[in-house]
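# Fold and contact review
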Amino acid sequence: WEVLFDEVLSEIFYMPPVPPDHRHLQVLYEDNHLLAINKPAMLPTMGAPAGTPTLLIAAKQYIKEKYQKPGNVYLGVVSRLDAPVTGVVLLARTSKAARRLTEQYREGRVQKTYWALVEGPLSLGGGKCIDWIASDERHRRVRIVRVNLPEAKQAVLEYQALHSSDDYTLLEINLLTGRKHQIRIQLSHRNLPILGDRKYGSQTAFPSGIALHARRLTVAHPVGGSPIEVAAPLPGYWPLAESHVSE
């Protein structure tokens, strides 16, 4: 599939973000307590400057119209992705659900699985990355730092190589902590930058955003506690990774 993927990269170097209208949202799971959406690349989850479209704004429009709700719509952002990252974003439809899900994240009871395409070959198999990172607000990024720095926070992930070629490797990542830009900096630090992630050293163009996708999220339902697994299909410009790798 790597030959065909090269053809995709050579033909498409930029894909504009999906318009943030609620009609374009891909809803992955929905009930009275939860809403999970497959976030497109280059759409901020929330917290953007006034007038900037966000996933949260579009999701509120979706709920408001579908259920004909008057006034303001409550949605609590439980999981958040960087703007160039795609995949599962989980929203709580009630404050009780938000509180219970936030507790699960804080206690490390949420399973978070990502897929990433990184530059260069890597032997099939897996490994574990343990680093200490700190924010560099001036450059709007994070850095690997010494453990004894006051601002240092531990970042841990596990990875498995699913497919490798001379130029690219497809990794499945189990995120054990949830630090800002964690996957991006930890892979870059090991000379495995994510395709399209120029902030962290990639020299390879990618159709839209970066080649990092929140593939699966497993939580205990906030009412009843039954396990809920939400899986996000890959964007259309990742079709070969989707069809040629079995889970």
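Here, every reference points to the structure presented above.
These figures come from a predicted structure and were not determined experimentally.

With that settled, consider the environment of Leu-55. Mapped onto the fold, Leu-55 is located in helix 2 (residues 55-66). Taking the C-alpha atoms as reference, Leu-55 lies 7.2 Å from Lys-39; in sequence the two are 16 residues apart. When neighbours within four sequence positions are excluded, Leu-55 is seen to be in contact with Leu-25, Ile-37, Lys-39, Leu-43, Pro-44, Thr-45 and Val-89.

Quick look at the pairing of strand 10 (residues 212-220) now. Judged by how many residues are buried, strand 10 sits mostly within the fold: eight of nine residues are covered. Bridge count between strand 4 (residues 86-92) and strand 10: two bridges; the pairing is parallel. If you follow Thr-86 over to strand 10, its bridge partner there is His-213. Two strands pair when backbone bridges link them, and strand 5 (residues 111-119) and strand 10 are joined in this way by six bridges, in the antiparallel orientation. By the bridge assignment for strand 10, Thr-113 is matched with Arg-216. Across five bridges, strand 10 lies against strand 11 (residues 227-231) in antiparallel orientation. Directly across from Val-219, in strand 11, lies its bridge partner Ile-228. Counting the residues that bridge the hairpin from strand 10 to strand 11 gives six residues, and of these Gly-224 lies at a positive phi of roughly 105 degrees.

What counts, and where the lines are drawn
Residues numbered from 1 in each chain as written. Predicted model: local features only at pLDDT ≥ 70, side-chain atom pairs only at ≥ 80, totals over all residues. Heavy atoms only, no water. Helix = DSSP H or I, 4+ residues; strand = E, 2+ residues; numbered from the N terminus. Contact = heavy atoms within 4.5 Å. Buried < 20%, exposed > 50% of the residue type's maximum accessible area, 1.4 Å probe, protein only. Pairing = 2+ DSSP bridges.

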